[in-house]
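Summary of structural features
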Amino acid sequence: MGKITATINGTEAHVDEGTTILEAARTVGIEIPTLCHSPDLIPTGNCRVCVVEVEGTRTLVGSCHTPIANGMVIHTRSPRVLTARKATVELLMAGHTGECVTDEHTSECDLRKLADELEGGAPRFLMRKPRWYPIEAFNPYVRRDMSQCVLCRKCISACREIAKKNVYGIAYRGFAAKVIVDFDDPLTTEICRDCGICIDYCPTGALSKPTKKSEVK
Amino acid sequence: MNTIQTQDSLTGRERENLLRKLKQAQHDFGYVSKDMMTETAQSLGLSIGEVYGITTFYSFLSVRPLGKFVIRICKSIPCYMQNAEMIIACVADEIGIKPGETTGDGKFSFELTNCIGACDIAPAMLINHQVYGQLTPGKIAEILRGCE
């Protein structure tokens, strides 16, 4: 396997061919924020939080899914990158109707954490009609609150690639897009049993472990 | 062996046949039924969710039976800027149903669609495959009266 030399924020990185920009940056101690990325899953580049500037390319590129190439000059914190990243997170937050400001899931919401880190400030984008779905709490293994979902698709990948079940899909279009099961059916125990792997990958409170009856005060 | 089977065995179980199968079902039956989606999912080795997802993504594939006249109003930006919202409300008023519904007598189905390439005559709509542009409330009443 060939070696690649590229410059990230002025530092030279020497990595194997096939390494993504994100992984290469980490080898030289440069952290790029991510949301839909996980080292265990095939990169999909959905959330656009990890975008970076590569000199000579017209658009910003997703660092989690772009293989690094010889001679690339990459900037992970240029004004263009920071503006785009901040706007992306603000837009994700605008579509995120979770109660992570006040409710108990706050500590579990990676998106909220990301927004705090980037200091988005007062919301610029407001949804006229927030996406709202009833909470599905009858499956003993997974509680779904799709109003909190930001469509990062991590649950779909985790279910397909790790649990090998392929229970989830994405249906509809645009604002109506939603993570669904079969024909947008409830997640019954017939379809989904006890693995709960998707919960660990959900960056918001959309998927969570149901509170057991015995734990309710 | 008939032609369809030959063609199917030639193209095999590949995923890229999904859309072709769904379009065929839409063409043959007027909609893509749950049975059809289940069967397609099984034959291509995909999950039902994935097949349902693709079917609901496209404006010209329907998961429920449609009426005799399918009215599709464009909801993309150029039409929106030419007051498509008013046109949508106007059609809803005329036929008494909201987008996504079919009249009780099965005459009209009302759908919203993404761009239909008629931006030059926005706001535009399709009734079955006929394009109508530069719509006004008066024009709509007249067009709908002509649907027999």
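Quick look at the structure, then. (Residues numbered from 1 in each chain as written. Chains lettered and ligands numbered in written order. Predicted model: local features only at pLDDT ≥ 70, side-chain atom pairs only at ≥ 80, totals over all residues.)

**Notes on the overall build of chain A**
To be explicit about the condition: By definition, any uninterrupted DSSP run of H or I lasting at least four residues is a helix, any uninterrupted run of E lasting at least two residues is a strand, and each is numbered from the N terminus. It is over C-alpha atoms that the radius of gyration is taken, and the globule rule equals 2.2 Å times the number of residues to the power 0.38. Field definition: a residue is buried when 20 or more other C-beta atoms are found within 10 Å of its C-beta, exposed when 12 or fewer are, and partly exposed for counts in between, with C-beta atoms placed from the backbone. C-beta atoms are first placed from the backbone for all residues, and any pair lying within 7 Å is then listed as a contact.
Within chain A, the regular secondary structure consists of five helices and nine strands. Taken from the N to the C terminus, the helices and strands of chain A come in the order β-β-α-β-β-β-α-α-β-α-β-β-α-β. Computed over C-alpha atoms, the radius of gyration of chain A comes to 19 Å, within 12% of the 17 Å expected from 2.2 N^0.38 for 217 residues, which places it in the range of a compact globule. Dimensions of chain A along its principal axes, counting C-alpha atoms only, are 55 × 40 × 35 Å. Split into buried and exposed, the 217 residues of chain A put 35% on the buried side. Sequence separation of at least 24 residues holds for 61% of the intrachain contacts in chain A that already meet a minimum separation of 6.

**Structural notes on the sheet that holds strand 1 (residues 3-8) of chain A**
Across a sheet, paired strands are connected by hydrogen bonds in the backbone, their directions being either parallel or antiparallel. Residues and elements named next belong to chain A. Heads up, the condition is: One requirement defines pairing of two strands: DSSP has to find at least two bridges between them. Interaxial angle, 0 to 180 degrees, is taken between N-to-C directions of lines fitted to C-alpha atoms, where a helix line uses only the stretch in contact.
Strand order across the open sheet formed by five strands is 2-1-5-3-4, with mixed pairing between neighbours. In this open sheet, the two edge strands, each paired with only one partner strand, are strand 2 (11-16) and strand 4 (61-62). Relative to strand 5 (residues 73-75), strand 3 (residues 51-54) is paired through two bridges, and the arrangement is antiparallel. Note that in strand 5 the partner of E53 across the bridge is H75. The sheet contacts of helix 2 (residues 79-94) involve strand 3 and strand 5, and relative to strand 3 the element is tilted by about 155 degrees.

**Some details on the pairing of strand 2 of chain A**
Residues and elements named next belong to chain A. Pairing analysis gives six bridges linking strand 1 to strand 2, with the strands arranged antiparallel. Of the residues in strand 2, the one forming a bridge with T5 is H14. Hairpin remark: strand 1 followed by strand 2, antiparallel, with two residues in the connecting loop; positive phi at N9, about 50 degrees.

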